[in-house]
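# Results of the structural survey
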Amino acid sequence: MTHQDLARRGPQDDTAHDRPELRRALQDVVDSGFTGIQLRVDDSRGTWSGAAGSSVLGEPGAPSTDGHIRIGSNTKTFVAATVLQLVAEGAVDLDRAAADYLPDLAVDPRITVRMLLQHTSGIFNFTGEIYGPDAAVEGGVPWNGLTMVRGIPWQGKEWVDARFRHYPTEELARLALSRPARFEPGTDWSYSNSNYALARLIVEGVSGRSLADEMDRLVLSPLGLTQTSVPDTSTLPVPHAHAYYRYEEDGQETTVDVTAQDPSWISSGGDMVSTTRDLHLFVSGLTGGRLLPAPLLAEMLAPHPPAGYGLGVFVQDTAHGTLITHNGGMGGHGALMYSTPDGSTTLTAGINYVDDADQSLGAAFQSALQRLVDVVFGGRETAPGPTAPR
């Protein structure tokens, strides 16, 4: 048995290659309030995988180190890669008006495909928009000290009770386009799931095929991803950790297992399912240049201020050098995806937790996540970050 074979079996089977610093970082995540976490690290030392916490709330047994997880907004990176492959084939032009590809929708003709992938379109987020605490916006209500303009139900008992409702992507797009834009196209940046719902419709419109089929042809199959899907069912493949949602009604807290849910409510803003293995193969293959032509990869990794967002990825300048990343959460499941710009070191993880309307785990998790990133990327020699195309 080779070292790589031992590494793939996981540290629980090969204590000689264990990495206690990673185990401690995993426990930090659980101690911050999360139910469970599964982690995979690929670097110069090989492949390490481990897990901590529980797969099922209140029961012993850690999540599988390669269990299926709803990856939330990591979906956007897959969708962006699919669109860019269509750009490479000449079927889509990044700087052409999105309206040209969506003649049946009232898309502002100033909005380009690039703006959708870059979140610079200004289109209303169909899951709701958050403004400053004193913002005077139509339909705004107080939320966590800020002002929210509601979109579709995605929180509280209302969402729990309706979590098997099916939303056609075009319905979500029409809702978004019926609301006032957040800003003039191309003048600012704001994260919006609506952008990626429209990107999905563009893929399906130009190809005449479903997003799932086109993504399989252009992204999943070329990189050997066999455990990743754009789901059309409410259930998850086995094995998987369980996801939960907590809400309060009449002073009583109720926690519900929401592992099974119809993910169409988020559409291609976050509906995909994957594993830590496939997320590694995807992000390392993408950043390592094994998927997109070099000029398009450079455009994808060119950060746009103020958030440092490229086309479907965050490009972060950290104490450990530039990292390419996208994380996501979706109703009690979450996923982490980090890579060096050359794909030589990656961190991929799946998290299961008890979600709630107040997103109460956010602050504690950020601290634990930072430690995890520090442990994985802190000891390496940093590679130069991506540069913007000239």
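Up top is the structure.
Now for a quick tour of the structure. Worth saying up front: this structure is predicted, and the values here are computed from it rather than measured.

### Some points on the sheet that holds strand S4 (residues 129-131)
Two modes of strand pairing occur in sheets, parallel and antiparallel, and in both the strands are linked by backbone hydrogen bonds. Strands sit in the order S4-S6-S5 across an open sheet of 3 strands; the sheet is antiparallel. Each edge of the sheet is formed by a strand with only one pairing partner; in this case those strands are S4 and strand S5 (140-143). Neighbouring strand axes in the sheet, compared pairwise and without regard to direction, differ in orientation by 35° on average. Summarising the sheet, S5 and strand S6 (residues 146-149) pair through 4 bridges and their orientation is antiparallel.

### Comments concerning empty space enclosed by the protein
Scanning the model with the defined rule gives 1 cavity of 30 Å³ or more in all. In terms of lining, the largest cavity is formed by Pro153, Glu158, Trp159, Ala162, Arg163, Arg165, Tyr167 and Trp265. Split into classes, the residues belonging to the lining of the largest cavity amount to 5 nonpolar, no polar and 3 charged.

### Some details on the packing of helix H6 (residues 169-178) against helix H7 (residues 193-207)
Across the interface, H6 lies against H7 with an axial gap of 9 Å and an inter-helix angle of 130°. The angle between H6 and H7 falls in the class oblique. For the pair H6 and H7, the sense of crossing is left-handed. Only Ser194, Ala197, Leu198, Arg200 and Leu201 of H7 make contact with H6, whose side of the interface consists of Thr169, Glu170, Ala173, Ala176 and Leu177. In the contact of H6 with H7, the residues fall into 6 nonpolar, 2 polar and 2 charged.

### A look at the environment of valine 238
Assignment of secondary structure puts valine 238 in the loop between helix H8 (211-223) and strand S7 (244-249). For valine 238, a relative accessible area of 72% puts it in the exposed group.

### Remarks on the layout of surface pockets
Sizing a probe to match a water molecule and rolling it over the atoms shows the empty space that remains. The calculated volume of the second largest pocket comes to roughly 350 Å³. Lining the second largest pocket we find 19 residues, and of these Gln155, Gly156, Lys157, Tyr245 and Ala357 sit closest to its centre. The leading source of residues in the lining of the second largest pocket is S7, at 4 residues. By residue class, the composition of the lining of the second largest pocket is 7 nonpolar, 4 polar and 8 charged.

### Some remarks on the nonpolar core
By size, the foremost hydrophobic cluster in this structure holds 75 residues, and its most contacted members are Phe78, Val83, Met215, Val219, Phe282 and Met300. Top element by residues in this core is helix H3 (residues 75-88). It accounts for 8 residues. Other than its neighbours up to four places away in sequence, phenylalanine 78 contacts Ile71, Met215, Val219, Leu220, Leu225, Thr228, Met272, Leu279 and Phe282.

### Regarding H3
The end-to-end C-alpha distance of H3, which contains 14 residues, comes to 20 Å, matching closely the 20 Å that a straight helix rising 1.5 Å per residue would cover. Where burial is concerned, most of H3 is hidden: 13 out of the 14 residues are buried. Downstream of H3 by one or two residues, glycine 90 has phi in the positive range, about 85°.

### Regarding the packing of helix H2 (residues 20-31) against helix H11 (residues 362-377)
A packed helix pair is summarised by two numbers, namely the angle formed by the two axes and the spacing between the axes. Where H2 meets H11, the closest approach of the two axes is 9 Å, and the angle between their N-to-C directions is 170°. The orientation of H2 with respect to H11, classified from their angle, is roughly antiparallel. Between H2, through Glu21, Leu22, Arg24, Ala25, Asp28 and Val29, and H11, the contact on the second element is made entirely by Phe365, Ala368, Arg371, Leu372, Val375 and Val376. Residues that form the contact of H2 with H11 fall into these classes: 8 nonpolar, no polar and 4 charged.

### Let's talk about the packing of aromatic side chains
Per the stated rule, a full pass over the model turns up 11 aromatic pairs. On the basis of an interplanar angle of 15° and a centroid distance of 3.8 Å, the ring pair of phenylalanine 78 and phenylalanine 282 is categorised as stacked. You can see phenylalanine 78 sitting in helix H3 and its partner phenylalanine 282 sitting in helix H9 (residues 276-287), a full 204 residues away along the chain. Summarising the aromatic geometry, the rings of tryptophan 159 and tryptophan 265 are spaced 5.9 Å apart at their centres and angled 65° between planes, so their arrangement reads as edge-to-face. Taken together, the residues span a long stretch of sequence, with tryptophan 159 in helix H5 (residues 156-161) and tryptophan 265 in the loop between strand S8 (252-257) and strand S9 (273-274) at a distance of 106 residues. Since its relative accessible area comes to 3%, tryptophan 159 is described here as buried. Of the aromatic side chains, those joined through ring pairs into one cluster are Trp189, Tyr191, Tyr309 and Phe314.

Rules used in this analysis
Numbers given for residues are sequential positions, taken from 1 along each chain in its written order. Only residues with pLDDT of 70 or above have their local features reported here, since the model is predicted, and side-chain atom pairs are shown and tallied only from 80 upward, although totals for entire chains, interfaces and linings are computed over all residues. Calculated side-chain values reflect all of the structure's heavy atoms, with hydrogen atoms and water omitted. Note on pairing: two strands pair once DSSP finds at least 2 bridges between them. The way it works is that DSSP assigns letters per residue, a run of H or I at least four long becomes a helix, a run of E at least two long becomes a strand, and they are numbered from the N terminus. As a rule, the C-alpha atoms of each element are fitted with a line to give its axis, helices using only the stretch in contact, and angles between N-to-C directions run from 0 to 180 degrees. Here a cavity is any set of points on a 1 Å grid over the protein atoms alone where a 1.4 Å probe fits but cannot get out, and a pocket is any open set with protein on both sides within 12 Å along at least 5 of 7 lines; a residue lines the site when it has an atom within 4 Å of a point. Grid points are joined across faces, edges and corners, and a volume is the space filled by probe spheres set on the points. Classes in brief: Ala, Val, Leu, Ile, Met, Phe, Trp, Tyr, Cys and Pro nonpolar; Asp, Glu, Lys and Arg charged; the others, Gly included, polar. If an angle is under 35 degrees, it is roughly parallel; if it is over 145, roughly antiparallel; if it lies from 65 to 115, roughly perpendicular; otherwise it is oblique. Crossings are sorted by hand: turned counterclockwise from the far helix by less than a right angle, the near helix makes the crossing left-handed, and turned clockwise it makes it right-handed. Residue contacts are counted whenever heavy atoms from the two residues lie within 4.5 Å of one another. Partly exposed residues are those whose accessible area sits between 20% and 50% of the maximum for their type, while under 20% is buried and over 50% is exposed, using a 1.4 Å probe and protein chains only. Residues grouped as a nonpolar core are buried Ala, Val, Leu, Ile, Met, Phe, Trp, Tyr and Cys residues, joined through side-chain atoms within 4.5 Å. One fewer than the residue count of a helix, multiplied by 1.5 Å, yields its expected span. When two rings of Phe, Tyr or Trp (its six-membered ring) have centres within 6.5 Å they constitute a pair, described as stacked for plane angles under 30 degrees, edge-to-face for angles over 60, and tilted for the intermediate range.

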